[in-house]
Amino acid sequence: VKGLKNALRVWITLVSIVGFAASWMTLAHSRKPLQPQQTTNAVSLEPLPALPPIGSFDNGNFGVQGLGQGQQLFSRRSQRSNSMPLFSTGGS
Amino acid sequence: MESVRFRAMNTDILLAAEGQPDQLMEGFDRARQFIVDSEARFTRFSEDSELSSLNRSSGAWFRASPDMISVISIALSCFKKTQGLFDPSILPDLQRAGYDRSMDLIRTEGVLPAMKGTTVRERVAFNEVKVDFSEGMIQIPAGMMIDLGGIAKGWIAEGAARILSSYSPACGVNAGGDMFLVGLPAGEMSWQVSVEDPRNLQAPLTVLEVGPGAVTTSSITKRAWKQGGQMRHHLIDPRSGEPAATDWLSVTVIAPHAYLAEVYAKALLIAGSREAGQIVCAEDHIAYLAVDQDGNIQEG
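Residues numbered from 1 in each chain as written. Chains lettered and ligands numbered in written order. Predicted model: local features only at pLDDT ≥ 70, side-chain atom pairs only at ≥ 80, totals over all residues. Heavy atoms only, no water.

Enquirer: So what exactly am I meant to see when it comes to the overall build of chain B here?
Expert: Counting its regular elements, chain B contains seven helices and 17 strands. Its C-alpha radius of gyration of 19 Å places chain B within 12% of the 19 Å reference for a compact globule of 300 residues. Viewed in the frame of its principal axes, chain B has a C-alpha envelope of about 55 × 50 × 40 Å. When burial is assessed residue by residue, chain B has 60% of its 300 residues classed as buried. Of all intrachain contacts in chain B linking residues separated by at least 6 positions in sequence, the fraction that spans at least 24 positions is 63%. As displayed, chain B has an accessible area near 12,100 Å², and 48% of this comes from carbon and sulfur atoms. (Helix = DSSP H or I, 4+ residues; strand = E, 2+ residues; numbered from the N terminus. Rg over C-alpha atoms; globule rule 2.2 N^0.38 Å. Buried < 20%, exposed > 50% of the residue type's maximum accessible area, 1.4 Å probe, protein only. Contact = heavy atoms within 4.5 Å. Areas by Shrake-Rupley, 256 points an atom, 1.4 Å probe, with all protein chains shown as cover.)

The structure is reproduced here in structure tokens:
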């Protein structure tokens with residue numbers, strides 16, 4: 001049994017070494033990747049467009065960007081008050 | 001709180017801000033000038049506006065201002081977000097329904113009879129509009145005409161509030177119900193915004209307590225007129241090319257940006273109660289309050 005184990009170890013070691021060497025040789029003889037100056041077959045990509053100035057409003061004092069999902073964005077005033085708010089909305 | 005009122009974009013404008021009156025005057029002047037200049041750029045009712053020039057150049061590349069590039073690119077994004085319910089290319093349908101002049105003129109002179117026009121099914125989709133950010137150019141497809149009335153007012157209100165905020169920590173701009181609020185009034189935990197009853201424009205329906213951000217209402221009872229004995233309004237359903245047949249009278253939207261609130265208020269009003277959930281399901285930071293024909297309020 002001991003002899004069989006040793007033979008198995010040798011066999012696994014040999015197969016690993018031979019497999020590694022074969023892979024090394026295959027890669028060494030394969031085609032090299034395209035270099036930057038070899039542009040004839042490369043896909044030409046258009047430059048990415050500049051972002052629109054939509055984010056110019058996105059700083060601290062504006063909007064409610066800090067709110068998490070499901071957080072209440074408004075509540076309706078419950079108590080009756082005689083004072084009318086300065087701001088009113090109803091369409092134009 | 002100091003305030004200034006004036007009329008622009010065929011609606012009432014309110015600028016309000018906390019601070020020293022002498023310092024705020026410059027802020028009010030600059031915000032007002034921004035609104036006047038932006039109206040001149042985005043109106044479809046002037047042949048000299050940049051929007052009219054863009055519409056005349058349909059089919060060809062048009063060199064546009066940075067502001068026009070910004071609004072068109074936002075409009076393209078909102079077209080996708082609302083699954084096409086917000087569609088600036090419905091202008092021919094809007095004109096066919098009678099909204100071919102400013103609302104101030106329609107209210108005094110009335111509307112022309114219905115005209116035959118290009119129906120929605122024959123038109124090119126709005127997302128065929130191309131924007132070249134690096135060159136500052138826009139190309140709208142041949143024959144397309146666009147109206148930015150559904151987005152520009154919110155964009156302008158937010159821009160004006162941004163200018164005003166350089167002079168005040170707590171300020172707001174209300175452009176005919178499209179408002180943007182910055183900061184909070186001293187000693188307050190929220191802004192209070194009155195919502196009009198679409199069935200009785202003189203009476204408030206409720207009062208909202210909101211944080212900084214945008215509040216906008218879209219209604220089918222204000223910009224409405226009779227054409228050939230038939231009631232018409234300005235909210236065109238892009239799917240039919242006709243004024244939307246909706247079960248809601250008004251929708252108020254609370255959102256991080258005024259243009260977003262304006263777009264979603266219109267899209268939700270067109271969608272009505274049955275489809276509203278599908279329109280806002282992907283948006284975390286949008287809340288709405290809709291009013292139906294009986295005055296019932298639905299929140300979402």
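Enquirer: How do you make sense of the overall build of chain A when you look at a structure like this?
Expert: Within chain A, the regular secondary structure consists of one helix and two strands. In sequence order, chain A lays out its α and β elements as α-β-β. Counting all 92 residues of chain A, 14% fall into the buried class. Carbon and sulfur atoms form 62% of the exposed surface of chain A, whose accessible area is close to 8,000 Å².

Enquirer: Before we go on, may I ask you to explain the sheet that holds strand β2 (residues 87–89) of chain A in this structure?
Expert: Read across the open sheet, the four strands follow the order β1(A)-β9(B)-β8(B)-β2(A); overall the sheet is mixed. This sheet does not close on itself; its edge strands, each paired only once, are β1 (74–76) and β2 of chain A. Going across the sheet, the axis of each strand differs from the next one's by a mean of 40°, ignoring polarity. (Pairing = 2+ DSSP bridges. Axes fitted to C-alpha atoms, helices over the stretch in contact; angles between N-to-C directions.)

Enquirer: Would you mind showing me how to read the nonpolar core here?
Expert: Residues B:Ile35, B:Ile72, B:Ile151 and B:Val253 are the most contacted members of the largest nonpolar core, which totals 77 residues. Residues within four places of B:Ile151 in sequence aside, it is in contact with B:Val71, B:Ile74, B:Ala75, B:Cys78, B:Phe86, B:Tyr259, B:Glu262 and B:Val263. Counting residues in hydrophobic clusters, the runner-up holds 18 residues, among them A:Phe87, B:Val193, B:Ala287 and B:Leu289. (Core = buried A, V, L, I, M, F, W, Y, C linked by side-chain atoms within 4.5 Å.)

Enquirer: Quick question: what am I supposed to make of the confidence of the model for chain B here?
Expert: Interpreting fine coordinate detail is not advised for predicted regions of low pLDDT. Confidence in the prediction of chain B, expressed as mean pLDDT, is 87, and 92% of residues score 70 or more. Here the prediction assigns the complex a pTM of 0.75, and the interface score ipTM is 0.74. (pLDDT = per-residue confidence, 0-100.)

Enquirer: Would you take a moment to explain the pattern of salt bridges for this structure?
Expert: Between side chains of opposite charge, a pair can form when the charged atoms approach closely. Residue and element names in this part refer to chain B. Within the structure shown, the criterion is met by ten salt bridges over all chains. The salt bridge involving Arg-239 is made with Asp-237; its shortest N-O contact spans 3.0 Å. Accessibility expressed as a relative area gives 9% for Asp-237, which makes it buried. One network of salt bridges, in which partners are shared, links Arg-41, Glu-50 and Asp-67. (Salt bridge = Lys/Arg side-chain N within 4 Å of Asp/Glu carboxyl O.)

Enquirer: For this particular structure, what's the right way to read the side chain of B:Thr246?
Expert: Residues and elements named next belong to chain B. As for its placement among the helices and strands, Thr-246 is situated in the loop between β14 (242–243) and β15 (248–255). Owing to a relative accessible area of 11%, Thr-246 belongs among the buried residues under this scheme. A polar contact of 3.1 Å, which involves the side chain of Thr-246, links it to the backbone nitrogen of Trp-248. Within the local environment of Thr-246, its side chain forms a polar contact with the backbone oxygen of Leu-269, the two atoms lying 2.7 Å apart. Sequence-distant contacts of Thr-246, that is, excluding residues within four places in its chain, are made with Ile-220, Leu-269, Ile-270, Gly-272 and Gln-293. (Polar contact = N/O pair within 3.5 Å; in protein donor to acceptor, adjacent residues only side chain to side chain.)

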